[in-house]
Amino acid sequence: MNNRCTLCGSERSISFHHLIPRSCHRNKWFRKNFAKSEMKARGIDICRRCHSFLHQKFSEKHLGRELNTLDKIAQHEIIKTYLKWARKQHC
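Here is what the cut-offs are and how they apply
- Residues numbered from 1 in each chain as written.
- Predicted model: local features only at pLDDT ≥ 70, side-chain atom pairs only at ≥ 80, totals over all residues.
- Heavy atoms only, no water.
- Disulfide = S-S within 2.5 Å.
- Phe/Tyr/Trp six-rings, centres within 6.5 Å; stacked < 30°, edge-to-face > 60°.
- Helix = DSSP H or I, 4+ residues; strand = E, 2+ residues; numbered from the N terminus.
- Buried < 20%, exposed > 50% of the residue type's maximum accessible area, 1.4 Å probe, protein only.
- Patch = residues over 30% accessible without salt bridge, like charges linked within 9 Å, V, L, I, M, F, W, Y side chains within 5 Å.
- Areas by Shrake-Rupley, 256 points an atom, 1.4 Å probe, with all protein chains shown as cover.
- Salt bridge = Lys/Arg side-chain N within 4 Å of Asp/Glu carboxyl O.
- Lys, Arg positive; Asp, Glu negative; His and termini not counted.
- Charge placed at Lys NZ, Arg CZ, Asp CG, Glu CD.

1. A few points about the state of the cysteines
The tally for this structure, following the rule as stated, stands at zero disulfides. Cys47 provides the cysteine sulfur closest to Cys8, a residue in no disulfide bond, and the two sulfurs are 3.7 Å apart. No disulfide involves Cys47; its sulfur sits 3.6 Å from that of Cys50, the nearest cysteine.

2. Here we look at the packing of aromatic side chains
For any pair of aromatic rings, the description rests on two quantities: the centre-to-centre distance and the angle between the ring planes. Enumeration according to the criterion identifies five aromatic pairs in this entry. Ring geometry for Trp29 versus Phe30: centroids 4.9 Å apart, planes at 85 degrees, classification edge-to-face. Taking 3.9 Å as the distance between ring centres and 10 degrees as the angle between the ring planes, the aromatic pair formed by Phe53 and Tyr82 counts as stacked. With Phe53 in helix α3 (residues 48–57) and Tyr82 in helix α6 (residues 77–86), the pair connects residues that are 29 residues apart, well separated along the chain. Judged by relative accessible area, Phe53 falls into the buried class, the value being 12%.

3. Quick notes on a positive patch on the surface
Together, Arg26, Lys28, Arg31, Lys36 and Lys40 make up a positively charged patch on the protein surface. Elements represented by at least two residues in the positive patch include exactly α1 (28–33) and α2 (36–41). Structurally, Lys36 can be placed in helix α2. Relative accessible area serves as the criterion here: at 54%, Lys36 is assigned to the exposed category.

Right, here's the structure in full:
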């Protein structure tokens, strides 16, 4: 686990974010498109603030289908705006 948030750079309360949410691992579409081991391992270390933001703004299925790589997350307009703000915070 990194000691910095992969998204905003914060060092506070880092946790593992599954790029394909665990609640989707049994879903037929996800099983068809990803190996079980890939679904479990694919993730990034992010702070609780960024983690909460992602799960508040997007459904589990949307996260798993559309935002399942760091590049896709970084390119999303809503997330770009949030990260611009989050990087200015002192935490």
